[in-house]
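Architecture at a glance
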Amino acid sequence: MSSPATGAATLAARRSSRFVAWVRAWRAGLVPFDEVAESVAGDEEHLVADAPGTWRDVPLREALPALAKLSPDEIRLVLPAPGDPRGLPGPGDFAGAALLAGEAVVAGTLGLIPEVRSHTSGSGMTWETVLWRVYPLPADAVQASLTAPGAAEAEAELATALAESTAALTRLDVAQWRPELAGALAALRRPDGATDLPPGFDPRSRRLFARAAVLDRVLALAGESAPGGAINNHEAQQRDAALRPLTTACRQALVAACNAPLRP
């Protein structure tokens, strides 16, 4: 049987993190254009709405040329949360949608946010498509996204938060009502690097992204209700309080890794 951390690794990483990493590598001349859309989308169908010069939803590959004049440092990952809007350019439609989605891309004077749409065929088959909605941004939007910590600082904060959250969950006896969460957090101390970045990212950024990407998915699972009603509301609040600092550190680690300076 696979471990919970291994199972979490099979889930999709945040789409905005893949978008930023691969588009930045393309703009740095480190990966060819032909690989970008496929690497971002994986086995999903990705469309773009309201892209410059278009009047309908277009495939991701057709929308990417709108970013062709940007430098890598003008393309930034933003992972805001209620009470923590770091990276957002200020109030507006883009900020509101980004907070709701929990992720966004700042690309020069354009903002992109993925929306997952579920479809059901007449025969009952279900599938999903991803629609990237484009928003106009002010000229200083990229500057606002520079407030996030660098990779070294984010790595230290993530390690501290992981140790503190694990200790807190041990005191709460999390293993009694959700043993897979405690096991997953312990396994994350030994990330295997299976979740990788494209060429151009240094070893620290790769290590940070590998750990944070898996942890991000483990935390998403941890936020779900324990099976069988194993905890009450008070215990759930204690769990959420123990995980909150780790969730914040994880988001900042992903941002720092994906926005790190690229090297040829």
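Residues numbered from 1 in each chain as written. Predicted model: local features only at pLDDT ≥ 70, side-chain atom pairs only at ≥ 80, totals over all residues. Heavy atoms only, no water.

Now for the overall build of the protein. Along the backbone of the protein there are 11 helices and six strands. For the protein, the residues scored as buried account for 47% of the 264 residues in total. Total accessible area computed for the protein in this model is approximately 12,800 Å², and 54% of it derives from carbon and sulfur atoms. (Helix = DSSP H or I, 4+ residues; strand = E, 2+ residues; numbered from the N terminus. Buried < 20%, exposed > 50% of the residue type's maximum accessible area, 1.4 Å probe, protein only. Areas by Shrake-Rupley, 256 points an atom, 1.4 Å probe, with all protein chains shown as cover.)

Let us now look at the confidence of the model for the protein. This prediction gives the protein a mean pLDDT of 84; 81% of its residues lie at or above 70. Every residue in residues 1-11 scores below 50 in pLDDT, and together they form 14 contacts with partners more than four places removed in sequence or on other chains. Note on residues 226-230: pLDDT is under 50 here. Beyond four places in sequence and across chains, it has seven contacts. (pLDDT = per-residue confidence, 0-100. Contact = heavy atoms within 4.5 Å.)

Looking now at the environment of S118. Along the polypeptide, S118 turns up in strand β5 (residues 110-120). The contacts of S118, once residues within four sequence positions are left out, are W127 and E128.

A word on the environment of T120. Checked against the element boundaries, T120 lands in strand β5. For T120, a relative accessible area of 58% puts it in the exposed group. Beyond its immediate sequence surroundings of up to four residues, T120 is in contact with M125, T126 and W127.

It is worth spelling out the pairing of strand β4 (residues 104-107) at this point. Here β4 shows two buried faces, one formed by A104 and V106 and the other by V105 and A107. Here strand β3 (residues 75-78) pairs with β4 via four bridges, running antiparallel. Each residue of the ladder has a partner; that of R76, found in β4, is V106. Pairing geometry for β4 and β5, over three bridges, is antiparallel. Bridging from a neighbouring strand, V105 pairs with L112 of β5. (Pairing = 2+ DSSP bridges.)

Here we take up the nonpolar core. Ranked by size, the top nonpolar core spans 55 residues in total, and within it F19, L64, L67 and L158 carry the most contacts. Other than its neighbours up to four places away in sequence, L67 contacts F19, V23, W26, R27, A107 and L110. Counting residues in each nonpolar core, the second largest holds 13 residues, with V78, L88, F94 and A141 among its members. (Core = buried A, V, L, I, M, F, W, Y, C linked by side-chain atoms within 4.5 Å.)

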